[in-house]
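Architecture at a glance
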Amino acid sequence: MEEINMFQKSSMLEELFGKTNWLRSMEITDLILTTYYPKIHLRLQLSAAEVLELLRRSPFSGLFPASMNGLQTDALYKSYIHGQNHIERTAVLSACLALLLDLQEREFLLCLEAAKYHDTGRIQDGEDPEHGRRGARKIPELCRSYTEAEQTLLQAVITAHSLPDREELPVFRQYCKNDIDAYRTYRSMIKILKDADALDRFRLSCHSLDTRYLRLNVSHRLLRAACEIVNM
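Here goes a summary of the coordinates provided.

Let's shift gears to the overall build of the protein. The number of helices and strands found in the protein is 12 helices and 0 strands. Written out in order from the N terminus, the α and β elements of the protein read α-α-α-α-α-α-α-α-α-α-α-α. Computed over its C-alpha atoms, the radius of gyration of the protein comes to 17 Å, within 12% of the 17 Å expected for a compact globule of 232 residues. Along the first, second and third principal axes, the C-alpha set of the protein runs to 50 × 50 × 35 Å. Evaluated residue by residue, the protein yields a buried proportion of 52% over its 232 residues.

Evaluation of the coordinates by the stated rule reveals 19 salt bridges. Note that Asp128 and Arg134 form a salt bridge whose closest N and O atoms lie 2.2 Å from each other. By relative accessible area, Asp128 is classed as buried at 12%. Arg134 gets classed as partly exposed once you look at its relative accessible area, which sits at 23%. Among the charged side chains, a salt-bridge network with shared partners connects Asp165, Glu168, Arg187, Lys194, Asp195 and Arg215.

This part covers the packing of helix H9 (residues 148-161) against helix H11 (residues 180-199). Where H9 contacts H11, the two axes come as close as 9 Å, and the packing angle between them is 40 degrees. Comparing their axes, H11 and H9 come out oblique. For the pair H9 and H11, the crossing hand works out as right-handed. Contacts between H9 and H11 pair Leu153, Leu154, Ala156, Val157, Ala160 and His161 from the former with Ala182, Thr185, Tyr186, Met189, Ile190, Leu193, Lys194 and Asp197 from the latter. Per-class residue counts for the contact of H9 with H11 are 10 nonpolar, 2 polar and 2 charged.

With the rule as written, the count across this model stands at 8 aromatic pairs. Here the aromatic rings of Tyr37 and Phe202 are separated by 5.9 Å at their centres, their planes lie at 70 degrees, and the arrangement is edge-to-face. One end of the pair, Tyr37, is in the loop between helix H2 (23-36) and helix H3 (48-57); the other, Phe202, is in the loop between H11 and helix H12 (223-230), and 165 residues separate them in sequence. Each member of the pair, Tyr37 as well as Phe202, is classed as buried. Over the aromatic face of Trp22 sits the side chain of Lys19, whose NZ or CZ is 5.4 Å from the ring centroid.

The next point concerns the environment of Pro164. Its location among the elements puts Pro164 in the loop between H9 and helix H10 (168-176). Pro164 gets classed as partly exposed once you look at its relative accessible area, which sits at 36%. With 30 residues separating them in the primary sequence, Pro164 and Arg134 have C-alpha atoms 16 Å apart.

One non-glycine residue, Asp102, lies in positive phi territory at about 60 degrees. Among the secondary structure elements, Asp102 is positioned in the loop between helix H5 (84-100) and helix H6 (105-117). At Lys177, a position not held by glycine, the phi torsion is positive, near 60 degrees. In this fold, Lys177 is placed in the loop between H10 and H11. Owing to a relative accessible area of 57%, Lys177 belongs among the exposed residues under this scheme.

Core analysis: the biggest nonpolar cluster contains 74 residues, and Leu16, Phe17, Phe64, Val92 and Phe202 have the highest contact counts within it. Among all residues touching Phe17, those that are not within four sequence positions of it are Phe7, Leu52, Leu55, Arg56, Phe64 and Val92.

Definitions and cut-offs
Residues numbered from 1 in each chain as written. Predicted model: local features only at pLDDT ≥ 70, side-chain atom pairs only at ≥ 80, totals over all residues. Heavy atoms only, no water. Helix = DSSP H or I, 4+ residues; strand = E, 2+ residues; numbered from the N terminus. Rg over C-alpha atoms; globule rule 2.2 N^0.38 Å. Buried < 20%, exposed > 50% of the residue type's maximum accessible area, 1.4 Å probe, protein only. Salt bridge = Lys/Arg side-chain N within 4 Å of Asp/Glu carboxyl O. Axes fitted to C-alpha atoms, helices over the stretch in contact; angles between N-to-C directions. Parallel < 35°, antiparallel > 145°, perpendicular 65-115°, else oblique. Left-handed = near helix turned anticlockwise from the far one by under 90°. Contact = heavy atoms within 4.5 Å. Nonpolar A, V, L, I, M, F, W, Y, C, P; charged D, E, K, R; others polar. Phe/Tyr/Trp six-rings, centres within 6.5 Å; stacked < 30°, edge-to-face > 60°. Lys NZ or Arg CZ within 6 Å of the ring centre and 35° of its normal. Core = buried A, V, L, I, M, F, W, Y, C linked by side-chain atoms within 4.5 Å.

That's the geometry; what it means functionally is another story.
Quick look at the structure:
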């Protein structure tokens, strides 16, 4: 019988969700965390296996692979640093944070869309505050199944993710005016995206993540998982 892949567009996600032996990744991660992040409480850290189990057991378990199978890979920036693997890891971490924060189904899906397309405006791997705004312009084409209001919200989140935190409110007002309900969702989504994006900085070096810039308390529990996934 022909084997059916859960993730049709991603060998990395297929390997990640099929992995059963995390011993080597755990050993590497223990060394990294004890050397560069000695103040964190290792016993409070979630492992990669626990994060994956959270996704599998969630009410939205089927939504994650469906969303990732809809990833328009031709729109992604092509590079090791900000390419497809980074996008997919950011999506995993965003999904986990959305579940831990008890977001609703539609918000969960919007967080995935933001993660999937947050770097489509990149033209180089270096610091580029405007890549979010360039990527936001592509959202109406990439996210056609979403309402106009949801597309606008995604544009705001993606624009703001590459800008300083102080720019978040002006960006929201630019796209969404003064919609109070949308602002609550925006605040959750931008924190999730920025933190998930930051947690994947273990791909750059063992100490590239500066935990002072994590916005959500729960994000501080995901260092182990993020590091293990990079080193799987």
